[in-house]
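Observations on the three-dimensional arrangement
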Amino acid sequence: MSTIQNNIEHIKGLIRTAEEKFSRQPHSVQLLAVSKTKPIEALEQAIASGQRQFGENYVQEGVDKIHHFNEHYNQTELEWHFIGPIQSNKTRLIAENFDWVHSIDREKIAQRLNDQRINLAPLQVLIQVNTSGEASKSGIDHAQTFALAQLINDLPNLTLRGLMSIPENVSDYASQLAAFEHLKNLQLQLQQHYPQVDTLSMGMSGDMQAAIEAGSTMVRIGTAIFGERHYPTAKE
Ligand SMILES: *Cc1c(COP(=O)(O)O)cnc(C)c1O
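Notes on the structure follow. Quantities reported herein were computed from a predicted structural model and do not represent experimental measurements.

With respect to the overall build of the protein chain
Per the secondary structure count, the protein chain includes nine helices and eight strands. A compact globule built from 236 residues should have a C-alpha radius of gyration of about 18 Å, and the protein chain, at 17 Å, falls within 12% of that. Overall, the C-alpha framework of the protein chain stretches about 45 × 45 × 35 Å when taken along its three principal axes. Classification of the 236 residues of the protein chain by burial places 51% in the buried group.

Quick notes on the site of the ligand
Lining the immediate surroundings of the ligand are V34, K36, N57, I83, I166, M204, S205, R220, I221, G222, T223 and R229. Contact between the ligand and G222: an oxygen atom at 2.8 Å from a main-chain N or O atom of the residue. Here R229 contributes a side-chain N or O atom positioned 2.7 Å from an oxygen atom of the ligand. When the ligand sits alone it has 390 Å² of accessible area, and the protein chains cover 87% of it. Classifying every residue of the shell around the ligand by side-chain character gives five nonpolar, four polar and three charged.

What about the nonpolar core?
F54, V101, L113, I127, I152, L160 and I225 are the most contacted members of the largest nonpolar core, which totals 61 residues. The residues touching L160, leaving out its near neighbours within four places in the chain, are V125, I127, A149, I152, L190, Y194, Q196 and V197.

Let's talk about the environment of K65
Along the chain, the position of K65 falls in helix α3 (residues 59–72). With sequence-adjacent residues up to four places away left out, K65 is seen in contact with S35, K36, T37, K38, I40, L43, E56 and W80.

Focus: the pairing of strand β2 (residues 53–56)
Every second residue of β2 is oriented toward a common face, with Q53 and G55 on one face and F54 and E56 on the other, all of them buried. In this fold, strand β1 (residues 30–34) hands off to helix α2 (residues 40–48), which returns the chain to β2; that crossover is right-handed.

Quick look at the side chain of T199
In this fold, T199 is placed in strand β7 (residues 199–201). Here the side chain of T199 touches D198 through a polar contact of 2.8 Å, side chain to side chain.

Some words on helix α6 (residues 145–153)
Listed in full, the buried residues belonging to α6 are T145, L148, A149 and I152. For α6, the buried positions fall inside an angular range of 105 degrees around the axis, keeping them on one side. On its buried face, α6 is in contact with β4 (100–104), α5 (107–116), β5 (123–128), β6 (158–164) and α7 (173–193).

Topic: the packing of α5 against α6
The contact between α5 and α6 brings their axes to 10 Å, and the two run at 10 degrees. Between α5 and α6, the crossing angle belongs to the class labelled roughly parallel. Packed against α5, whose contacting residues are E107, A110 and Q111, the element α6 presents A147, L148, L151 and I152 at the interface. The class makeup of the residues in the contact of α5 with α6 is five nonpolar, one polar and one charged.

Things to note about the environment of A143
Position of A143 relative to the elements: it lies in the loop between β5 and α6. In this structure A143 comes out as exposed when scored by relative accessible area, which is 68%. Distance in space between the C-alpha atoms of A143 and L113 is 23 Å, their sequence separation being 30 residues.

Brief notes about unusual backbone geometry
The backbone of T37 sits at a positive phi, close to 70 degrees, despite the residue not being glycine. Although it is not a glycine, N119 sits at a positive phi angle of roughly 60 degrees.

Brief notes about the pattern of salt bridges
Under the definition given, this model contains seven salt bridges. Of the charged contacts in the structure, one is a salt bridge between R92 and E96, with a shortest N-O distance of 3.8 Å. Note that R92 and E96 are positioned in helix α4 (residues 91–97) at a spacing of four residues, about one turn of the helix. A relative accessible area of 43% means that R92 is categorised as partly exposed. Under the relative-accessibility criterion, E96 is labelled partly exposed at 40%. When salt bridges that share partners are traced, they join E56, E61 and K65 into one network.

Focus: the side chain of S103
Here S103 is to be found in strand β4. Polar contacts involving the side chain of S103 include one to the main-chain carbonyl oxygen of G84, which spans 2.6 Å. Excluding residues that lie within four positions of it along the chain, S103 makes contacts with F82, I83, G84, I86, L126 and Q128.

Quick notes on the rules
Residues numbered from 1 in each chain as written. Predicted model: local features only at pLDDT ≥ 70, side-chain atom pairs only at ≥ 80, totals over all residues. Heavy atoms only, no water. Helix = DSSP H or I, 4+ residues; strand = E, 2+ residues; numbered from the N terminus. Rg over C-alpha atoms; globule rule 2.2 N^0.38 Å. Buried < 20%, exposed > 50% of the residue type's maximum accessible area, 1.4 Å probe, protein only. Near = heavy atom within 4 Å. Polar contact = N/O pair within 3.5 Å; in protein donor to acceptor, adjacent residues only side chain to side chain. Areas by Shrake-Rupley, 256 points an atom, 1.4 Å probe, with all protein chains shown as cover. Nonpolar A, V, L, I, M, F, W, Y, C, P; charged D, E, K, R; others polar. Core = buried A, V, L, I, M, F, W, Y, C linked by side-chain atoms within 4.5 Å. Contact = heavy atoms within 4.5 Å. Right-handed = clockwise from strand over helix to strand, strands pointing away. Arc of directions from axis to C-beta. Axes fitted to C-alpha atoms, helices over the stretch in contact; angles between N-to-C directions. Parallel < 35°, antiparallel > 145°, perpendicular 65-115°, else oblique. Salt bridge = Lys/Arg side-chain N within 4 Å of Asp/Glu carboxyl O.

Right, here's the structure in full:
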């Protein structure tokens, strides 16, 4: 078994254990393998161990991988999630290639993704919420989430599935849990208006436990699967 396969097995074990510990339904937490900066071969190893959902941060790199696997892989089971910051001049490539987008944080981006999603199943989208106040530059404020949700709900080529956040990097469990519970509460409010909302993308390697306790349905794990990233980090 390769290191990547071992890592995936290990993380899945941690997820299953956390589900049990926090009385979550078995398999209610999915693993998104964050493969940014990693080569095709690394993704192939993950696929060989059953991984099907991949997260990418850089548009062109992600699109190149999607095209590669569309051509060379004899199944369409793979699911591609765009999780990085979105510039408005990149929305077309995202709309034309990805299955999910986690990082919608303003109306203009939602509108453009909708308009550029043509002849494909609706794009499954999450609103990225800033749960850390001024400590974080990314994500929409709590109070503006509902207006953005309403706009997305009116767009035919987008399906609102939930919320995502990247909380401030803190190591104490209570603070991690508080940020995640904040997002969970927001999701409960959204679900009253939009019953199709079922996804909470929260939790990374260092705060996965707290995220699962608070109700995460998708944890985004990169380094713990693929190892350290070695090339351009300037854009991160
Ligand atoms: C890179 C990234 C991850 C994964 O981070 P690791 O520390 O490598 O596990 C998760 N979510 C987002 C939004 C990221 O950009």
